[in-house]
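Spelled out from the first residue to the last, the chains are:
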Amino acid sequence: MLTTKIGKVGKVLICGMKGVGKTALLEQLIYGNVSVETEFHPTIEDIYVASVDSGRGSREILRLHDSAGLEGKAQLPRHYIHFPDGFALVYDPTDPSSLDMLADIKQDIERNKEKKDVPIIVLANMRSKRREAPPSIFPAQHTNSVNPANQMEIVLNRAIAWCSRERIKHYTVNAMERPSLYDPFINLCARLHPPQTKSTFPQLRQVMQKTQKSDV
């Protein structure tokens, strides 16, 4: 509606291993034009703007920063850690190493981010179109000895357990299915802009005024 108010702006960084489908997720979320034939080139840096219906009488704005995918032991550049209000960490459940990288990214954020309670969500992209990946560094799971479907389930279960320990929201999404992307970013927007509690000072002021009048 034209009368809808524009709310606050929240800056969110989308990050993860190279090739896990970060750009595809954003293109599908914003434009809804991604299909299995869509080709993407490696991202250097890009910004998307989303208007989110907060359900509170105003539309919140999300500035979604698409970052270059990381490889090996590469770390996020410092400015990627300091400017965002929240983070969306993306991994490919068919590639255990892409999940392993998220633990390093989260630790890097916690070490260098001044605000320690910054909102973080984790997205398992079920359609990242990655090539077959090397086995995970986690010794407890021998994922290279099982079929792909079982390996994906193992990785997803481990991701869910890790997110539970870290108190992070985990979402299973699909870059080919736009509706699967709505809840993660609506909920992230709500965490970035929690509703303000109404102050009781106006009521106190009225009580004081009535008291003063009765004393006259």
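Higher on the page you've got the structure.
Residues numbered from 1 in each chain as written. Predicted model: local features only at pLDDT ≥ 70, side-chain atom pairs only at ≥ 80, totals over all residues. Heavy atoms only, no water.

On to the packing of helix α3 (residues 96–112) against helix α4 (residues 148–166). Orientation of α3 relative to α4, taken along the N-to-C sense of each, is 15°, at an axis distance of 10 Å. Comparing the axis directions of α3 and α4 gives the class roughly parallel. In this structure, α3 meets α4 at a crossing whose hand is right-handed. Across from P96, L99, D100, L102, A103, K106 and E110 in α3, the residues of α4 making contact are Q151, V155, R158, A159, W162 and E166. Here the residues of the contact of α3 with α4 are counted per class, giving seven nonpolar, one polar and five charged. (Axes fitted to C-alpha atoms, helices over the stretch in contact; angles between N-to-C directions. Helix = DSSP H or I, 4+ residues; strand = E, 2+ residues; numbered from the N terminus. Parallel < 35°, antiparallel > 145°, perpendicular 65-115°, else oblique. Left-handed = near helix turned anticlockwise from the far one by under 90°. Contact = heavy atoms within 4.5 Å. Nonpolar A, V, L, I, M, F, W, Y, C, P; charged D, E, K, R; others polar.)

Time to look at the pairing of strand β5 (residues 120–125). If a strand is regular, its side chains alternate between the two faces of the sheet. The buried fraction of β5 amounts to six of the six residues, a majority that puts the element mostly inside the structure. Residues I120, V122 and A124 line one face of β5 and the alternating positions I121, L123 and N125 line the opposite face, and both faces are buried. Looking at chain direction, strand β4 (residues 86–91) and β5 are connected through five bridges and run parallel. Pairing of F87 across the sheet is with I120, part of β5. With α3 bridging β4 and the parallel β5, this β-α-β connection has right-handed handedness. Pairing analysis gives five bridges linking β5 to strand β6 (residues 169–173), with the strands arranged parallel. By the bridge assignment for β6, L123 is matched with Y171. (Buried < 20%, exposed > 50% of the residue type's maximum accessible area, 1.4 Å probe, protein only. Pairing = 2+ DSSP bridges. Right-handed = clockwise from strand over helix to strand, strands pointing away.)

Structural measurements only, silent on function.
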